[in-house]
Each structure stands twice: as structure tokens, then as C-alpha cells.
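# Observations on the three-dimensional arrangement
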Amino acid sequence: MTSTVPVVTDIAYQDLLDDPYPIFRRMRELAPAVFVEPARLTLVTRFDDIVRIERDPATYSADNPTSLVNKVMGPTFMRKDGAEHAIGRKAIEPSFRPATIKEYWAPKFTAIAQELIDELSAADQADLFSALAAPMASRSLMAMIGFRAMPWQTLADWSQALIDGAGNYTADAGIERKAMQASADVDAAIDAVLDDHRSHPSPSILSSMVNADPPMPVEGIRANIKVIIGGGLNEPRDAILTLVLGLLQNPAQKDSVLAQPELWPAALEEAVRWISPIGMYPRRVTRDVDLSGTTLPEGLQIGLCVGAANRDGNRFAEPDRFDVTRPKQSHLAFGAGPHFCAGTWVSRLTVGKIVVPMLFARLRNLRLRAEAPPVVRGWVFRGPVTLPVRWDA
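Just so it is clear, the structure is predicted and the values come from calculations on it, not from any experiment. (Residues numbered from 1 in each chain as written. Predicted model: local features only at pLDDT ≥ 70, side-chain atom pairs only at ≥ 80, totals over all residues. Heavy atoms only, no water.)

### Notes on the packing of helix 6 (residues 98–121) against helix 16 (residues 344–362)
In plain terms, the rule: With axes taken as lines fitted to C-alpha atoms, and helix axes fitted only over the stretch in contact, angles between N-to-C directions fall between 0 and 180 degrees. Numbering of helices and strands runs from the N terminus, with a helix taken as a DSSP run of H or I at least four residues long and a strand as a DSSP run of E at least two residues long. The cut-offs work like this: below 35 degrees is roughly parallel, past 145 is roughly antiparallel, 65 to 115 is roughly perpendicular, and the gaps in between are oblique. In this scheme the crossing of two helices becomes right-handed for a clockwise turn of the near helix relative to the far one and left-handed for an anticlockwise turn of less than a right angle. Contacts were defined at the residue level, with two residues in contact if any of their heavy atoms lie within 4.5 Å. Nonpolar residues are Ala, Val, Leu, Ile, Met, Phe, Trp, Tyr, Cys and Pro. Charged residues are Asp, Glu, Lys and Arg, and all others, Gly as well, are polar.
Where helix 6 meets helix 16, the closest approach of the two axes is 10 Å, and the angle between their N-to-C directions is 30 degrees. When the axis of helix 6 is compared with that of helix 16, the two are roughly parallel. As helix 6 runs across helix 16, the sense of the crossing is right-handed. Residues Ile101, Ala106, Phe109, Thr110, Ala113, Gln114, Ile117, Asp118, Leu120 and Ser121 of helix 6 lie in contact with helix 16, whose contacting residues are Trp345, Val346, Leu349, Thr350, Ile354, Val355, Met358, Leu359 and Arg362. Among the residues forming the contact of helix 6 with helix 16, the class breakdown is 13 nonpolar, four polar and two charged.

Here it is as C-alpha cells:
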């Protein structure tokens, strides 16, 4: 006899934002799926269950008309399955080819990182969120999308408003209002450059979309660019900060990585496992199904909580510990299955091979500030929101 989904009511939404990991541990131990009252969502938190779900899109569909992502951004290929999803992925594929990343994007990203770290090196302390990670992610993404030049803060504000709206499970009217305004502003920015991209093809994402065969419809371009602004800005931003934080909190591991540069890729993978920037995304159950002994009814909205799965003790030894020497194991920080993150290789290049290695090479004795500890927040999206550091000028 299978069991029904248990309900958790004795936690506050703020607890999820502040430190979700004790809650995740409790849910993993309780059942394969748990309805969390403050989040108004049934969460799946075990590694093996999420992998099983991602291998069965017919039963666990990304096509979810009631998704907050659809409400804020429109119908995106991230919320489609099968051929519709594949068509959307194919339209942006030229911008993400390995050769394009290496030959076209890497020099641009390196120049941005050098400029930002040059500015940092003139001082001896900063908050790396606002001084490095946010402008790096924003300026890089602005270039990749193919927008006209704008203050990096503009794109960052749009991204934050959109992801807040996509994670607005408490139905906060102010959050929704900001998200919808950002959505309209992005539409206007796209409309301002589409004709240029039709006439002058380039490796940019907008150019790939509008010059695809067949071209992506304008409403599809708008929705998919918003998804890219959400995940494509906050994920590398938070990965930069999390990798720096993990190394600064573990000086012996930092020294090992600096002495052995070949460890940088492993350090990045461990950082995004430890604190997954994109911590949860939704699916819709298309039929009554048994998930590891718990019945999920047709039509149920579930959240795949990869931030919890990446700390599943049945998958990872000492999962709460940052450890760059951890034996190589796949994680879920970049998703899985057909919806594996299209920007994974860009993130691995930007964070693990350009920005963070350059930061440690340029700023001597980089260290945390004891009087201003970093703040990490979030659960749908999670990362440091402040990272004050000091170095020897």
C-alpha cells in the first residue's frame, strides 16, 4: 500500500530563505515528496528520485501552464517537453557551441574580468557581490544576449525581479508587480535590437533566435530571453561568490587549488553542489504515479529541490562539507536530462577558468573580513548576497 504525501506546517518561509538545509534533511528523511505549507508546494528532495523523475518527462512534465515562470516570463522552452523543447534549444545552440565559446566569448569575458579586477586592485577591500560577481555576470550576459549597452545594474535588477517573481510562492503582490514591470522592460529592450540582429547576424543569442530556421516567433524570443536573464545572470554570479566563499572558509583547500591549477574545475563543481545557485524548479505530474512508495496524483505540481538533492547523504559523504578533493560524482546543480542547463559550459569557463582564478592571482592574501561575515540567502535560488573581503594592497 502506498502512502499519501505528508504535510509540513511548522516552519516559516523565512526559515527556508535563511538556512533551508536542516529543513531539507528533515524532508528527505520523512518521505520522497512532502507538501511544505509555507511554500505552497510539494517538494522532492532525494537525489535518486529527482534523477528518476528527469528520465521520465512523460510522467513528470515541464509543460506546466500554471507555472509562475509562465506567468512572469511567458511560455518558454524550459517549460516544454519533447519536440517543442528541442526546437527552442536548437534555436539558441549556435551561441553555445564549444568553438564559439572558446574563440568568441572567452576573450570578451576575460576582458570584462580584467577590467573589474583592475578596479578592485586599486583598493584593499570590497563586497565581491557588487564589485565583481554581479557586474561580471551582468555584462557578460548582456554581450551574449546581444542587447545594446546599458548599466550593468539594469540587467541585474531585471534578473532579480524576474527570479523573485518566478519564486513568488507566497503570492506577494509587490514582488509580482516588480516582476511584471521587468518583463515589460525586457520586451522593450528586445524590440529595440531585433531588426539589427536580423540584418547583421552574430554569435549573440538574439541573433541565433531571429535567424534560426525557422526563426523563433517574437513572443517565444521574449519569453526565452527572460528565462536566460533569470538563470543566466544569477547562476554565474552566485557560482563566483560560492566558489570564493568555499575556498576562503577552507584555507588548506584554497592553497591546494592555487598550487595545482588543474583543480579549478573540480573546485567549481564542488561549489555548485555545496550551494546550488538554482535550487528548485517545477514539474507537473501527468498521471497517478508511485514515487518510491508515495502516491503522487495526476495534476500535482511538484518542485524538484536539487539544492536538497545535492546534499543527500545517500549520494555524497559529509554532504554539508565543502571539499574540493571529494571523489568525482555527478550532481544536479545544472539540472539533468533534456533540460540540462544550456549555459553550463559558459559558466564553467567564466567562473572556473577566468574570473575566480584571476581574482586569486591578482589580489594578494585575499581573505574574509571577520567584522563583516558574508550572508547567504535563498532556497529556490541561493547564494551569497554579500561577500565582504580584504586583501593586501
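Read on, since the account is not over.
### Describing the sheet that holds strand 5 (residues 125–127)
In any sheet, the strands associate via hydrogen bonds between backbone groups, in a parallel or an antiparallel arrangement. Quick note on the threshold: Pairing between two strands is assigned when DSSP locates at least 2 bridges connecting them.
Spatial ordering of the open sheet is given by 5-13-10, a layout of three strands whose pairing is antiparallel. Unpaired on one side and paired on the other, strand 5 and strand 10 (364–368) mark the two borders of the sheet. Across the sheet, the axes of successive neighbouring strands diverge by a mean angle of 25 degrees, strand direction being ignored. Pairing of strand 10 with strand 13 (residues 388–392), which is carried by three bridges, proceeds in the antiparallel orientation. Paired with Leu368 across the bridge in strand 13 is Val389.

### Remarks on helix 14 (residues 264–274)
Rules: Throughout, exposure labels follow a simple rule: accessible area from a 1.4 Å probe, protein chains only, divided by the maximum for the residue type, with under 20% read as buried, over 50% as exposed, and the rest as partly exposed.
Counting buried residues along helix 14, nine of its 11 residues qualify, which places the element largely inside the surrounding structure. Every buried residue of helix 14 is accounted for by Trp264, Ala267, Leu268, Glu269, Glu270, Ala271, Val272, Arg273 and Trp274. Each element contacted by the buried residues of helix 14 is listed here: helix 2 (21–30), helix 12 (218–248), helix 13 (251–259) and helix 16.

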